[in-house]
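Chain by chain, the residues:
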Amino acid sequence: MLTATVLSCNSPKTSPAIPADKAVEAKVESVLSKMTLEEKAGQLVQLNISTLEDETHEAIDPAKLDKIIGEYKVGSILNVMHDAAHSREHTAAMVRQIQEKSMEAIGIPCIYGLDMIHGASYINEGSLYPQEINLGATFNRRFARQMGAAMAYETRAAQVPWVFSPVMDLGRDPRWPRIWESFGEDPYLQAEMAREETLALQGSDPNHIDLEHVAVSIKHFMGYGVPASGKDRTPAYIAENDLREKFFAPFLECFRAGALTAMVNSASINGIPTHANALLLTGWVKEQLGWDGMLVTDWADIDNLYVRDHVAADKKEAVAMGINAGIDMIMDPYDPECCTAIIELVKEGRISEERLDDAVRRVLRLKVRLGLFDHPLWEEHAYPRFAAPEYARESYEAALESEVLLKNNGILPLPEHKKIFVTGPNANSLRALNGGWSYRWQGAADEYVPQYNTIVEALKARFPYVTYEPGVVYDEAPMAWEKEDATGIAKAVAAARGADVIVACVGENSYCETPGNMDDLNLSAGQKKLVRELSALGKPIVLVLNEGRPRLIGDIEPLAAAVVDVMLPSNYGADALAALLSGDENFSGKLPFTYSKHINALHTYDYKVSEHRETMEGSYNYDAVMDVQWPFGFGLSYTTFAYSNLQVSASEFKEGDVLEVSVDVTNTGKRAGKEAVLLYSSDLVASLIPDVKRLRGFDKVALEPGETKCVRFELPASALAFVGADGRWRLEAGDFRISCGGLGVMVRCTETKVWDTPNR
Ligand code: BGC
């Protein structure tokens with residue numbers, strides 16, 4: 001089979017996602033005009049740093065540098081040596097060496113890229129924030145901005161101008177091992193947080209990225225998060241209207257905010273590997289959005305077109321297929337011969353000169369926009385805010401606002417004098433608090449930052465009477481996260497006898513990507529056994545969930561007096577937990593995903609009205625009950641909030657109008673607190689079965705006891721549109737319900753309007 005050429009889309013072009021800059025374009029053309037075919041091919045290839053390492057895996061081998069940069073003229077390098085974080089000096093010195101070689105040998109700067117996922121994940125002394133799933137739970141855009149700004153600054157301080165972040169795969173299948181890398185299951189929440197992070201990472205002018213900002217690679221474009229099997233990098237089947245309306249939404253938001261690069265989904269949608277999907281890569285993004293940025297593959301995914309997916313017969317066919325579909329840079333990552341394949345394919349006419357030049361322009365444009373031609377290197381010591389205390393404070397505050405109180409029968413806050421027994425495999429682990437992409441790919445925080453507190457350490461620092469016995473421990477092998485040793489349960493039960501309250505810290509060890517695949521979403525057997533046996537003592541149990549995805553706990557939840565989901569709150573997560581459990585601080589996190597209860601009932605909050613029994617008149621499916629453990633947006637506090645006076649500025653509207661919505665929120669309890677105010681809409685009748693509700697706005701407000709604040713939202717009528725079966729946006733005449741905090745107001749759209757993609 002030969003490579004498909006680009007499908008052109010009939011929908012009209014919009015104004016370019018990033019405004020073209022004459023000086024940038026002139027520089028690109030002047031460099032391009034002098035390049036040989038070999039130099040052009042090299043610009044399209046990105047290799048792993050291991051291809052340059054010497055036998056110590058700590059330094060660059062000059063002979064390999066000569067070969068990879070000098071001979072093959074490779075344009076980009078990624079990753080960390082020895083799969084481990086290094087000091088910023090080490091990283092900067094390594095990049096310097098590569099850059100000097102690149103300028104000397106080809107006169108074009110090399111672009112170095114790193115997986116900075118929740119802060120400067122790959123720099124020893126860098127600042128880490130709670131993972132994106134936690135930032136989603138804060139419903140507070142401030143934290144996405146703060147994390148982005150710190151990540152950009154600290155990455156630059158290591159001579160690196162490009163991060164593979166933010167992640168915006170919708171975490172809509174709890175079985176998938178990467179949902180914690182995203183902001184949750186909802187397209188709007190994801191889009192809002194990802195846009196804020198993108199702007200903070202790149203700054204506000206994508207044509208001129210300054211030395212405190214970096215280029216993003218929004219990922220993984222797109223539909224990666226809902227594999228039918230639940231396993232990473234396996235096929236997804238997504239209806240086109242869902243793809244357009246939900247999965248594309250965060251990417252669209254970030255392309256329009258100026259995202260300079262995007263990384264492609266490693267897997268496939270509806271049988272087409274995304275790396276070969278010309279309609280999505282070239283059609284939806286480059287043509288329809290007029291986006292002039294650069295598309296990079298994910299790890300070895302061109303090889304996957306023939307090795308795994310069998311849509312190409314060999315490497316050369318796979319390279320042609322990817323580049324002709326719209327790929328601009330191939331993360332190969334070990335094989336410089338990829339350059340030779342590109343050269344041959346161009347000579348054979350299987351990749352046109354025009355496509356080659358277009359891809360090279362996109363790579364050069366990125367380098368020009370980053371200022372790499374003017375300053376291929378910069379003074380890495382001129383970053384006084386590296387690892388600044390303000391980043392630590394922000395990380396702690398984000399952890400505080402992200403840990404979610406899911407149940408409290410009155411046991412919390414814990415009085416000072418209580419004898420607390422702490423147990424569980426997550427009680428004494430920084431690795432588990434941080435998750436993957438923390439100092440190492442699979443996570444390894446304890447080896448790198450022992451100075452931070454684990455949960456038991458933080459509780460000991462806050463409460464006078466704390467004892468500890470793990471009960472269950474994980475196998476610490478980096479990729480064996482699900483294995484555990486439960487032989488210590490009897491010891492834990494014996495040790496718990498003298499306590500007033502048990503804090504059981506359960507969940508998952510860290511993992512990342514495919515090694516996190518699993519066959520059972522239930523919390524592991526040993527941990528459930530630990531909780532069951534402890535409960536026989538009749539003492540109150542506070543269940544602390546420290547996990548990257550909602551592991552099912554339906555059978556042990558009734559045994560707990562209180563439940564807190566801390567997810568992956570990073571290095572200050574335990575301190576935040578101690579402050580929350582003690583009542584020094586108040587909970588304000590809300591779930592950014594649905595916490596399912598049953599293995600055969602994995603839902604998202606925006607399910608179809610026809611799936612729910614209460615709306616099921618006339619249906620035969622009497623079992624369709626949304627019986628979830630905790631719904632999306634759920635989270636308790638030590639105070640209470642009351643909503644009143646929900647108002648919408650007009651009772652009738654049409655396309656082009658903006659509805660102004662306001663609601664009063666009052667703190668009716670005795671403690672100060674913060675409340676995430678979530679605004680929903682429901683389309684009551686539509687030509688496709690409508691979702692039961694959709695998140696359309698959110699804000700976070702701080703309220704003193706007795707205080708009331710009016711929270712306002714602007715709701716453009718177009719935000720209430722959906723994508724029809726024909727792939728076009730539709731705002732249909734009829735009734736909508738706008739709801740917030742349990743209140744609802746009916747409004748009516750007076751006119752049906754249909755319009756082309758990608759406009760909303
Ligand atoms: C992951 C990406 C990551 C890339 C480079 C891949 O395996 O899927 O998220 O950016 O590796 O490290």
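One can find the structure itself at the top, above this paragraph.
Residues numbered from 1 in each chain as written. Predicted model: local features only at pLDDT ≥ 70, side-chain atom pairs only at ≥ 80, totals over all residues. Heavy atoms only, no water.

Novice: Where do I start with the nonpolar core in this structure?
Specialist: One broad rule of soluble globular proteins: the nonpolar side chains tend to lie buried together. Judged by nonpolar contacts, the single largest core of 174 residues is most densely connected at I77, I98, F248, F255, I342 and L543. Ignoring any residue separated from it by four or fewer positions in sequence, one finds I77 in contact with Q46, L47, N48, I49, L52, I69, I98, C110, I111, Y112 and G113. V501, V503, A561 and L577 belong to the second-largest nonpolar core, a separate cluster that totals 42 residues. (Core = buried A, V, L, I, M, F, W, Y, C linked by side-chain atoms within 4.5 Å. Buried < 20%, exposed > 50% of the residue type's maximum accessible area, 1.4 Å probe, protein only. Contact = heavy atoms within 4.5 Å.)

Novice: Quick question: what am I supposed to make of the site of the ligand here?
Specialist: The ligand sits among L78, D115, F164, R178, K219, H220, R233, M263, D298, W299, M331 and E513. Interatomic distance of 2.8 Å between a side-chain N/O atom of R178 and an oxygen atom of the ligand. A distance of 2.6 Å separates an oxygen atom of the ligand from a polar atom in the side chain of D298. Contact with the protein chains hides 95% of the accessible area of the ligand, taken as 310 Å² for the molecule alone. Residue composition of the shell around the ligand, by class: five nonpolar, one polar and six charged. (Near = heavy atom within 4 Å. Polar contact = N/O pair within 3.5 Å; in protein donor to acceptor, adjacent residues only side chain to side chain. Areas by Shrake-Rupley, 256 points an atom, 1.4 Å probe, with all protein chains shown as cover. Nonpolar A, V, L, I, M, F, W, Y, C, P; charged D, E, K, R; others polar.)

Novice: Explain unusual backbone geometry to me, please; I cannot follow it from the model alone.
Specialist: Where the residue is not glycine, phi is negative for most of them; where a peptide bond is considered, it is trans in most cases. Note that the residue after K219, namely H220, is joined by a cis bond; omega there is 0°. Here H220 shows up in strand β5 (residues 217-221). At R233, a residue that is not glycine, the phi angle is positive and equals roughly 60°. Mapped onto the elements of the fold, R233 is located in the loop between β5 and α8 (240-247). Even without glycine at this site, W437 takes up a positive phi of about 50°. Looking at where W437 falls in the secondary structure, it is placed in the loop between α16 (430-434) and α17 (445-448). What makes W437 buried here is its relative accessible area of 4%. (Helix = DSSP H or I, 4+ residues; strand = E, 2+ residues; numbered from the N terminus.)

Novice: Help me understand the side chain of D328, please; the structure alone is not making it clear to me.
Specialist: By the element assignment, D328 lies in the loop between α12 (315-325) and β10 (330-331). Separated by 2.7 Å, the side chains of D328 and R355 make a polar contact. Setting aside chain neighbours within four positions, we find D328 in contact with L44, K286, G293, M294, L295, R355, A359, R362 and V363.

Novice: Any chance you could explain the packing of aromatic side chains here in plain terms?
Specialist: Two aromatic rings are characterised by how far apart their centres lie and by the angle between their planes. The tally for this structure, following the rule as stated, stands at 22 aromatic pairs. A centroid spacing of 6.1 Å and a plane angle of 70° characterise the contact between F221 and F255, whose relative ring orientation is edge-to-face. Separated by 34 residues along the polypeptide, F221 in strand β5 and F255 in helix α9 (residues 249-256) bring together distant segments of the chain. For the pair F221 and F255, a shared accessibility class is recorded, and that class is buried. Relative to Y638, the ring of F587 has its centre 5.5 Å away and its plane inclined at 75°; by these criteria the two rings are edge-to-face. Taken together, the positions of F587 in the loop between α21 (573-582) and β19 (641-648) and Y638 in the loop between α21 and β19 put the pair 51 residues apart, joining distant regions of the chain. Side by side, F587 and Y638 carry an identical accessibility label, which is buried. Aromatic ring contacts, followed pair by pair, group F139, Y188, Y605, F632, Y680 and F698 into a single cluster. Against the face of W284 rests R244, its NZ or CZ located 3.5 Å from the ring centre. Above the ring of Y680, the side-chain terminus of K693 is found at 4.0 Å from the ring centroid. (Phe/Tyr/Trp six-rings, centres within 6.5 Å; stacked < 30°, edge-to-face > 60°. Lys NZ or Arg CZ within 6 Å of the ring centre and 35° of its normal.)

Novice: Please explain helix α10 (residues 278-287) as it appears in this structure.
Specialist: The buried fraction of α10 is high, at eight of ten residues. Looking at α10, one finds that the buried residues are A278, L280, L281, T282, G283, W284, V285 and K286.

Novice: Would you take a moment to explain the pairing of strand β22 (residues 673-683) for this structure?
Specialist: The side chains of a regular strand alternate, residue by residue, between the two faces of the sheet. The buried fraction of β22 is high, at ten of eleven residues. Relative to strand β27 (residues 734-740), β22 runs antiparallel, the two being bridged by five bridges. Counterpart to D683 in the pairing with β27 is F736. (Pairing = 2+ DSSP bridges.)

Novice: In this structure, what is going on with the pattern of salt bridges? I would like to understand it.
Specialist: Side-chain pairs of opposite charge can arise whenever the charged atoms involved come near each other. Scanning all chains against the criterion turns up 59 salt bridges. Between K246 and D606 there is a salt bridge, with its nearest N and O atoms 3.3 Å apart. Separated by 360 residues along the polypeptide, K246 in helix α8 and D606 in the loop between α21 and β19 bring together distant segments of the chain. The residues K246 and D606 share a single accessibility class, namely buried. For D328, the salt bridge identified is with K286, shortest N-O distance 2.9 Å. (Salt bridge = Lys/Arg side-chain N within 4 Å of Asp/Glu carboxyl O.)

Novice: Would you mind going over the sheet that holds strand β25 (residues 722-723) with me for this structure?
Specialist: Two pairing modes exist for strands in a sheet, parallel and antiparallel, and in both the strands are linked by backbone hydrogen bonds. Sheet architecture is open: three strands sit in the order β25-β26-β29, paired in antiparallel fashion. Strand pairing shows two members of the sheet lacking a second neighbour, β25 and β29 (753-755), which therefore form its edges. Pairing of strand β26 (residues 729-731) with β29, which is carried by three bridges, proceeds in the antiparallel orientation. Within β29, the position partnered with L731 by the bridge is K753.

Novice: I would appreciate a short explanation of the sheet that holds β5 in the present structure.
Specialist: Taken in spatial order, the three strands line up as β5-β6-β9 in an open sheet, and their pairing is parallel. Looking along the sheet, the strands with just one partner apiece sit at the ends: β5 and β9 (294-296). Recorded for the sheet is a direction-independent mean angle of 30° between the axes of neighbouring strands. Here α10 sits on the sheet in contact with β5, β6 (261-264) and β9, set at roughly 140° to β5. (Axes fitted to C-alpha atoms, helices over the stretch in contact; angles between N-to-C directions.)

Novice: How should the environment of A461 be read in this particular structure?
Specialist: With respect to the helices and strands, A461 occurs in helix α18 (residues 455-462). Separated by 117 residues in the primary sequence, A461 and A578 have C-alpha atoms spaced 8.5 Å apart.

Novice: Looking at this structure, how should I read the packing of α12 against helix α13 (residues 337-347)?
Specialist: Packed helices, taken two at a time, are described by the angle between their axes plus the distance between the axes. Relative orientation of the contacting elements α12 and α13 amounts to 75°, with a least axis distance of 10 Å. Regarding the angle of α12 to α13, the classification is roughly perpendicular. Side by side, α12 and α13 meet where K315, K316, V319, A320 and I323 of the first sit next to C338, A341, I342, E344 and L345 of the second. Residue composition of the contact of α12 with α13, grouped by class: seven nonpolar, no polar and three charged. (Parallel < 35°, antiparallel > 145°, perpendicular 65-115°, else oblique.)

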